Number of protein chains: 2
Amino acid sequence: MEQPDPTIHQPVRLKIMAALKALPQGEQLEFVRLKGIVGATEGNLGAHITTLEEAGYVGVEKDFVGKRPRTRVAMTPHGRRAFEDYVSYLQEIIGVAGSS
Amino acid sequence: MEQPDPTIHQPVRLKIMAALKALPQGEQLEFVRLKGIVGATEGNLGAHITTLEEAGYVGVEKDFVGKRPRTRVAMTPHGRRAFEDYVSYLQEIIGVAGSS
């Protein structure tokens, strides 16, 4: 990879992906919790989740708990591989930086 | 740091900074060599070096070798600290991603 994956490299999306990657595979995180972790506004977070969803990196599930709407987000296997590739790219760059 | 330093996070500038960080402190790299390492066009590389210079992260020295103009770039101590902070930020994000 000559450049870091721009879908992941964007700072807010990087935080979203890192938070989801920390979960056991396939586990979902509630939108409201993700909002707290990432520290973004609701609109901003929603837009970045849509970008990640369009890339196939996350899946979004909307349902209701009683009358309260709930949105949950999980990393897809494709997203997990993309994130691992991204981290490898960075480690290579940083590794080069630290090794000589 | 809540967000990665945008001056360094940009992909071309990240490569420039990583290449310079790999050198012994204060050592200069010729523009033409940096161009080969980064894989950017001359104009693009020049613009990003200017951005880094304006942030005080690199110093640029222009002289002549015979009649041939030569441009050399080195990381400043300020740039070195900024890069170290940037790497720490990423490691924290990636560390969080890998630890649970």
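In short, a report on the structure. Note that the structure is a prediction, hence the values are computed from the model and not measured.

**Re the relation of the copies chain A and chain B**
Take chain A, turn it by 180°, move it 0.0 Å along the axis, and it overlays chain B with an RMSD of 0.0 Å. The transformation relating the two chain copies, once decomposed into turn and shift, fits a two-fold axis. Most of the interface of chain A is mirrored in chain B, where 100% of its interface residues again form contacts.

**Points about the interface of chain A and chain B**
The interface of chain A with chain B comprises 21 residues on the first partner and 21 residues on the second. Both faces combined, the contact of chain A with chain B buries some 1900 Å², and carbon together with sulfur accounts for 67% of it. The tally of links between chain A and chain B comes to 0 salt bridges. Where chain A touches chain B, the interface holds 1 residue pair in polar contact (both at pLDDT 80 or more). Secondary-structure elements contributing two or more residues to the side of chain A that touches chain B are helix 2 (11-21) and helix 5 (77-99) of chain A. It is helix 5 of chain A that contributes the most residues to the side of chain A that touches chain B, 9 residues altogether. Its residues placed into classes, the side of chain A that touches chain B shows 15 nonpolar, 3 polar and 3 charged.

**Quick word on helix 2 of chain A**
An α-helix turns once every 3.6 residues. As a result, residues three or four positions apart point the same way. Residue and element names in this part refer to chain A. Taking burial as the measure, the 11 residues of helix 2 include 11 buried ones, the bulk of the element. Those residues of helix 2 not exposed but buried are Pro11, Val12, Arg13, Leu14, Lys15, Ile16, Met17, Ala18, Ala19, Leu20 and Lys21. One side-chain oxygen of the residue at the start of helix 2 lies 2.9 Å from the amide nitrogen of valine 12, identifying that residue as glutamine 10.

**Comments concerning the packing of helix 2 of chain A against helix 3 (residues 31-38) of chain A**
All names here are of chain A. Where helix 2 meets helix 3, the closest approach of the two axes is 10 Å, and the angle between their N-to-C directions is 120°. Taken together, helix 2 and helix 3 sit at an angle that is classed as oblique. Judged by the twist between their axes, the crossing of helix 2 over helix 3 is right-handed. Counting all contacts with helix 2, which are made through Val12, Lys15, Ile16 and Ala19, the residues of helix 3 involved are Leu34, Ile37 and Val38. When the residues that make up the contact of helix 2 with helix 3 are grouped by side-chain class, the tally is 6 nonpolar, no polar and 1 charged.

**What to know about the packing of helix 2 of chain A against helix 4 (residues 42-54) of chain A**
The axes of two packed helices give the description: the angle between them and the distance between them. Residues and elements named next belong to chain A. Relative to each other, helix 2 and helix 4 sit at 70°, their axes nearing to 10 Å. Relative to helix 4, helix 2 is oriented roughly perpendicular. Along its contact with helix 2, which presents Val12, Arg13, Ile16 and Met17, the element helix 4 presents Asn44, Leu45, His48, Ile49, Thr51 and Leu52. In terms of residue class, the contact of helix 2 with helix 4 is made up of 6 nonpolar, 3 polar and 1 charged.

**A closer look at the sheet that holds strand 1 (residues 29-30) of chain B**
All names here are of chain B. One open sheet accounts for 3 strands, arranged 1-3-2; its pairing is antiparallel. The strands lining the two open edges of the sheet, one partner per strand, are strand 1 and strand 2 (58-65). Pairing of strand 2 with strand 3 (residues 68-75) involves 8 bridges; the strand directions are antiparallel. For valine 65, the partnering residue across the bridge sits in strand 3 and is arginine 68. Where helix 4 (residues 42-54) meets the sheet, it contacts strand 2 and strand 3, and its direction lies at approximately 125° from that of strand 2.

About the criteria used
Residues numbered from 1 in each chain as written. Chains lettered and ligands numbered in written order. Predicted model: local features only at pLDDT ≥ 70, side-chain atom pairs only at ≥ 80, totals over all residues. Heavy atoms only, no water. Least-squares fit on C-alpha atoms with pLDDT ≥ 70 in both. Contact = heavy atoms within 4.5 Å. Buried area = accessible area lost by both parts, 1.4 Å probe. Salt bridge = Lys/Arg side-chain N within 4 Å of Asp/Glu carboxyl O. Polar contact = N/O pair within 3.5 Å; in protein donor to acceptor, adjacent residues only side chain to side chain. Helix = DSSP H or I, 4+ residues; strand = E, 2+ residues; numbered from the N terminus. Nonpolar A, V, L, I, M, F, W, Y, C, P; charged D, E, K, R; others polar. Buried < 20%, exposed > 50% of the residue type's maximum accessible area, 1.4 Å probe, protein only. Axes fitted to C-alpha atoms, helices over the stretch in contact; angles between N-to-C directions. Parallel < 35°, antiparallel > 145°, perpendicular 65-115°, else oblique. Left-handed = near helix turned anticlockwise from the far one by under 90°. Pairing = 2+ DSSP bridges.

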